[in-house]
Amino acid sequence: MLFRYRSLASQGVLGLNKRNGDYILKFNPRSLYPLVDDKLKTKRLALQAGIAVPELYGVIETQHDIRRLADIVRDHPEFALKPAHGSAGDGIVVIAGRSAARYRTISGMLLDDGFLAHHLSNAINGQFSLGGVPDVVIVEYMVRFSALFERVSFQGVPDVRVIVFRGYPVMAMVRLPTRISHGKANLHQGAVGAGIDLASGTTLDGVIGTEVVTHHPDTANPVAGVQIPDWDTILEISARCYELTGLGYIGVDIVLDRDLGPLVLELNARPGLAIQIANRQGLLRRLEICEQYADFSAGVEQRIAFAKRAFAHPVGEVLGMDVVM
Amino acid sequence: MNNRHIYILAAVLTALGLSLFFYKSRVLGFPIAPQAQTQIWTIEAAVTFEPGPAAVKATLRIPGLTPGHSLMDENFISRGFGLTTRSAPAGREAQWAVRQANGTQTVYYRALVYRDPNRKAEDTTPAFPEPPQLDEASKIAMEGLIADVRRQSADVASFTAELLRRINQGQADQYIRLFLDRTSTAADRAHLATVLLAGAQIPARVAHGVVLRDRAGVVRPEVLLEVHDGEQWLYFNPATLQQGLPPDFLIWWRGDEGLAQIEGGSDLNVTLAVQQSQLDAIVIAERRAQQLGSHSAEFSLFSLPIATQAVYAVLLMIPIGAVVIMLLRNFIGIKTFGTFMPVLVALSFRETRLLWGLVLFAIIVSMGLLIRFYLEKLRLLLVPRLTCVLTVVVLLMAGLSVLSHRLGIQPGLSIALFPMVIISMTIERMSIVWDERGASEAIQEGVGSLIVAALAYLVMGIVWLEHLIFVFPELLLLVISVTLLIGRYTGYRLLELRRFKAMAPGDDAT
């Protein structure tokens, strides 16, 4: 047990206690949380800053607004419903089309108006928000994922998670939906998480839960070696999200749209630690490298250049940094 | 805000808590173990006399300076008498007076006495005694005796012991024969010793007292000789020559006078009686704190009404339960529904006992979940649905109580103490987790909550811990400092070691 503890520490693995105590509490001021906890606010901020996000079709704010859903989506047969304060993908419904009077979800389930209205009403009443506070529901553009990912994902939209520490992208992974995760790109629902080499943007082996997988369980294609398109844009967008919010330790969720390229889905002020398992690399080591060698007043380009140099896979001991520099 | 700040704060709180704790336990004698009993004795003097035709005054000597023992409570019981107490050279005196009385009169003095090693004899050194007034023959005999005894002794203690030995020989000793006749009592001999010691310029006095026995009944006063050696009082039993104050000897009064006197009456008779009983050590400690002028007892929880005390006995244990949860969450990494929900469940286990608590909790939550899944179908709005679940939970509890009562299962009745609002919220949270993350996660978190609640219950139920926290609430300062220190623990949690096992180099696939 003690041996495992030491070996994790020597790998620079970040634990929950340390993430909370030394990073979130230190670099994420509570007052800035609303900017990321409310997806509507994040979306508006991003639009102002010229960062691409899925188009907003409308907002359902009250019980009364639920009837307006049909109007909002009249010209958009495909759309996504998201509680603005939902966490970990809870309460998200993605509609991929219609069959007669019913809505068809991305996983092929048919929902009638009544079910959707009930779901929206639950969401407005705060069933999916932290602490159960009343919420609003965002109706937005449904992302169409690039064909590139078809080989390694089952339905749904894969998304890229980048951990950004004080403006520096430090670690990234792609989350690939599986049958078990019901097409959701959510690791604790059973999606595959695959690490990404920050320098090249190619994927590494993946994990499901805590188990390492080399092939996607549904498509049986190898997970590693996929080149993420527009990788430099993704890095740039993530790095700019630091200036957007001022939060020092965030997870940026980005989707790749077939037509529109990378879009920011949401930001997370308490990003999970599973990304370390997906990369099989400790996050703490990278954060320490950043704290030791990075210039936190640098511009976006320098920051990305630093990240690509310092965090090319695999990242070695902290002591070896002089060579990398 | 660096760690040193926290360390200093934690150290200060710990020092504060511990020093209060030690003061109360060591100096004031608050018991560390639960249900500690202290022996106490009820001493009683019954004074009977026949009043004369006119005013009557009865004087009783009562204990004042009692080394090794303390008085807790004094009562004077009499009907129609005026009462005064005052200090006299022989100790304290109580005087009953009445202008007119008919028939045999009895007045009582009653006191509670407990052993108190901190109580010492007064430390003022008495003046050298006046040489006794004796006729020429006696004086010569005394001087001869003193010279004799002095030759065979080294200090005050051995001088006294030798003198008492000579006195005890009585008629057989050539000098003593002059002072004592055949019918001398122990008191007479002790008195003679004080006279002879005065001749040798050693302050001495006769102390009368009773032996505090463990069986109830009448006791006779016994005599001790107190001798001052220039620094402290020494005690001698004039009959056995034993030196030192017996631990169960309560000094009642001093001097050569009797225990009681009467003016204007006759047939004076005093009976002393002793009865032993047990008293909660806490009561004695409070009493001692009062005597020492400490306010710690006045401001302690014991000054509250009993019902309120019972509430605080439970409330003070909540932080302990919270500490258990903190350890399990931050060191082990167990997931629970709600941060402190398990503490509240653990509190309700106090009434139901653990096994029944677990069973009842599982029954209610699983039935509530069934109802909740049914309500989900009806597509109720959130708050009405919660209200509905809450109502169903209350009905379930009532039903279970009635059912278990019919079946004669007693613990089912105490189910009413379950925190039903918390249970309703737990059901709601659990069903959402069930929907969103699957049944296994929901059951895992539910079982985790129950395990934590059971552990918290077991820790909160440790009797001596409960006693300790209630008698010494300042120990909660230690809890705060532990919390402060753990609040800065940024190491791994136990379950994280398993979670990140793919990253340990030994079993790394890459």
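1. Concerning the overall build of chain B
Part 1 of the reasoning: Each helix and strand in chain B was counted, giving 16 helices and 13 strands.
Part 2 of the reasoning: Looking at chain B as a whole, 32% of its 510 residues are labelled buried.
Part 3 of the reasoning: A separation of at least 24 residues holds for 75% of the contacts in chain B among residues at least 6 apart in sequence.

2. Points about the overall build of chain A
Part 1 of the reasoning: Looking only at helices and strands, chain A features 11 helices and 13 strands.
Part 2 of the reasoning: Within chain A, the fraction of its 325 residues that count as buried is 47%.
Part 3 of the reasoning: Counted over contacts in chain A with a minimum sequence separation of 6, partners at least 24 positions apart contribute 62%.

3. Some words on the interface of chain A and chain B
Part 1 of the reasoning: Contact with chain A, which involves 30 residues of that partner, is made by 27 residues of chain B.
Part 2 of the reasoning: A breakdown of the residues in the side of chain A that touches chain B according to their chemical character gives eight nonpolar, 17 polar and five charged.

4. Quick word on helix H6 (residues 113-124) of chain A
Part 1 of the reasoning: Its 12 residues give H6(A) an end-to-end C-alpha distance of 16 Å, which sits within 8% of 16 Å, the value for a rise of 1.5 Å per residue.
Part 2 of the reasoning: At its buried positions, H6(A) is contacted by strand E1 (56-60), helix H5 (69-72), strand E2 (79-83), strand E3 (93-99) and strand E6 (137-141) of chain A together with helix H11 (382-406) of chain B.
Part 3 of the reasoning: Of the residues trailing H6(A), Gly126(A) is marked for its positive phi of about 95°.

5. Observations concerning the pairing of strand E10 (residues 233-236) of chain B
Residues and elements named next belong to chain B.
Part 1 of the reasoning: Both strand E9 (residues 222-228) and E10 contribute to a ladder of four bridges, which runs antiparallel. Within E10, the residue paired with Leu225 across the bridge is Phe236.
Part 2 of the reasoning: Remark: four residues form the turn of the hairpin made by E9 and E10, two consecutive strands paired antiparallel; Gly230 in that turn has positive phi of roughly 100°.

6. Quick look at the sheet that holds strand E10 (residues 203-208) of chain A
All names here are of chain A.
Part 1 of the reasoning: Across the sheet, seven strands lie side by side as E11-E10-E9-E8-E7-E12-E13; this open sheet has antiparallel pairing. Of all the strands in the sheet, just strand E11 (211-213) and strand E13 (261-268) have a single pairing partner and so form its edges. Going across the sheet, the axis of each strand differs from the next one's by a mean of 30°, ignoring polarity.
Part 2 of the reasoning: Across five bridges, the pairing between strand E8 (residues 168-176) and strand E9 (residues 192-196) is antiparallel.

7. Some thoughts on the nonpolar core
Part 1 of the reasoning: Core analysis: the largest hydrophobic core is formed by 93 residues, its most contacted members being Val164(A), Val170(A), Ile254(A) and Val264(A).
Part 2 of the reasoning: Broken down by element, the residue count for this core peaks at eight residues, all from helix H7 (residues 231-245) of chain A.
Part 3 of the reasoning: Those residues in contact with Ile254(A) that lie beyond four places of it in its chain are Asp159(A), Val160(A), Val162(A), Ile234(A), Ile237(A), Ser238(A), Pro262(A), Leu263(A), Val264(A) and Leu265(A).
Part 4 of the reasoning: Of all hydrophobic cores here, the second largest spans 90 residues; its members include Tyr175(B), Val206(B), Ile284(B) and Ile364(B).

8. Considering helix H13 (residues 439-460) of chain B
Part 1 of the reasoning: Between its first and last C-alpha, H13(B) extends 31 Å over 22 residues, near the 32 Å set by a 1.5 Å rise per residue.
Part 2 of the reasoning: Looking at the buried side of H13(B), the elements it contacts are helix H8 (318-332), helix H9 (341-352), helix H10 (354-378) and helix H12 (420-437) of chain B.

9. Description of the confidence of the model for chain A
Residues and elements named next belong to chain A.
Part 1 of the reasoning: With 95% of its residues at a pLDDT of at least 70, chain A reaches an overall mean of 83.
Part 2 of the reasoning: Averaged over each element, pLDDT in chain A is lowest for helix H11 (residues 321-324) (41) and highest for strand E7 (residues 159-165) (92).
Part 3 of the reasoning: A low-confidence stretch, residues 318-325 stays under pLDDT 50, and its non-local contacts, those more than four residues away or across chains, total eight contacts.

10. A word on the environment of Leu369(B)
Part 1 of the reasoning: On the secondary structure map, Leu369(B) appears in helix H10.
Part 2 of the reasoning: Setting aside residues no more than four positions away along its own chain, Leu369(B) makes contact with Ile427(B), Met430(B) and Ser431(B).

11. A look at unusual backbone geometry
A negative phi angle is the norm for most residues apart from glycine, just as the trans form is the norm for most peptide bonds.
Part 1 of the reasoning: One non-glycine residue, Arg166(A), adopts positive backbone phi at about 50°.
Part 2 of the reasoning: Residue position: Arg166(A) is located in the loop between E7 and E8.
Part 3 of the reasoning: Even without a glycine there, the phi angle at Asp267(B) is positive, about 55°.
Part 4 of the reasoning: Along the polypeptide, Asp267(B) turns up in strand E13 (residues 265-280).
Part 5 of the reasoning: Residue classification places Asp267(B) among the exposed residues on the basis of 10 C-beta atoms within 10 Å.

12. Section: the sheet that holds strand E4 (residues 82-88) of chain B
Residues and elements named next belong to chain B.
Part 1 of the reasoning: Pairing is antiparallel in the open sheet, where four strands are placed in the order E4-E5-E2-E12. At either end of the open sheet lies a strand with only one pairing partner, and these are E4 and strand E12 (260-263). Put simply, the sheet's adjacent strands are angled 20° from each other on average, direction ignored.
Part 2 of the reasoning: In this sheet, E12 lies alongside strand E2 (residues 56-62) in antiparallel orientation, the contact comprising four bridges. Looking across to E12, one finds that Leu60 is bridged to Ala260.

13. Here's the deal with the environment of Leu450(B)
All names here are of chain B.
Part 1 of the reasoning: Examined against the element boundaries, Leu450 turns out to sit in helix H13.
Part 2 of the reasoning: Each C-alpha atom, one on Leu450 and one on Leu358, is 7.3 Å from the other, the two residues being 92 residues apart in sequence.
Part 3 of the reasoning: Not counting chain neighbours up to four residues away, the residues in contact with Leu450 comprise Leu358 and Phe361.

14. Side note on the pairing of E9(B)
Residue and element names in this part refer to chain B.
Part 1 of the reasoning: Across the seven residues of E9, six count as buried, placing the element largely inside the fold.
Part 2 of the reasoning: Note that strand E7 (residues 204-211) and E9 share six bridges and pair antiparallel. Of the residues in E9, the one forming a bridge with Val206 is Leu225.

15. Describing the packing of helix H2 (residues 136-151) of chain B against helix H3 (residues 156-169) of chain B
Residue and element names in this part refer to chain B.
Part 1 of the reasoning: Closest axis-to-axis distance for the H2/H3 pair is 9 Å, and the angle between their directions is 125°. As far as their axial angle goes, H3 and H2 are oblique. Read as a crossing pair, H2 and H3 show a hand that is right-handed. Residues Leu145, Val149 and Arg150 of H2 form the contact with H3, whose own contacting residues are Phe159, Glu162, Leu163 and Arg166.
Part 2 of the reasoning: By residue class, the composition of the contact of H2 with H3 is four nonpolar, no polar and three charged.

16. Regarding the packing of H7(A) against helix H10 (residues 300-310) of chain A
Residues and elements named next belong to chain A.
Part 1 of the reasoning: Running from N to C, H7 and H10 point in directions that differ by 120°, and their axes come no closer than 10 Å. H7 and H10 meet at a crossing whose hand is right-handed. For the pair formed by H7 and H10, the contact residues are Leu235, Glu236, Ala239 and Arg240 on the first element and Val300, Arg303, Ile304 and Ala307 on the second.
Part 2 of the reasoning: Grouping the constituent residues of the contact of H7 with H10 by class yields five nonpolar, no polar and three charged.

17. Quick look at the confidence of the model for chain B
Part 1 of the reasoning: Mean pLDDT over chain B stands at 82; residues scoring 70 or higher make up 94%.
Part 2 of the reasoning: Quick note on the complex model: pTM equals 0.67, ipTM equals 0.72.

18. Quick word on the environment of Glu130(B)
All names here are of chain B.
Part 1 of the reasoning: The topology assignment puts Glu130 in the loop between strand E6 (105-115) and H2.
Part 2 of the reasoning: On the basis of neighbour count, Glu130 is assigned to the exposed category, with 8 C-beta atoms found within 10 Å.
Part 3 of the reasoning: It is 9.3 Å that separates the C-alpha atoms of Glu130 and Pro203, two residues lying 73 residues apart in sequence.

Conventions used here
- Residues numbered from 1 in each chain as written.
- Chains lettered and ligands numbered in written order.
- Predicted model: local features only at pLDDT ≥ 70, side-chain atom pairs only at ≥ 80, totals over all residues.
- Helix = DSSP H or I, 4+ residues; strand = E, 2+ residues; numbered from the N terminus.
- Buried ≥ 20, exposed ≤ 12 C-beta atoms within 10 Å, placed from the backbone.
- Contact = placed C-beta atoms within 7 Å.
- Nonpolar A, V, L, I, M, F, W, Y, C, P; charged D, E, K, R; others polar.
- Expected span 1.5 Å × (residues − 1).
- Pairing = 2+ DSSP bridges.
- Axes fitted to C-alpha atoms, helices over the stretch in contact; angles between N-to-C directions.
- Core = buried A, V, L, I, M, F, W, Y, C linked by C-beta atoms within 7 Å.
- pLDDT = per-residue confidence, 0-100.
- Parallel < 35°, antiparallel > 145°, perpendicular 65-115°, else oblique.
- Left-handed = near helix turned anticlockwise from the far one by under 90°.

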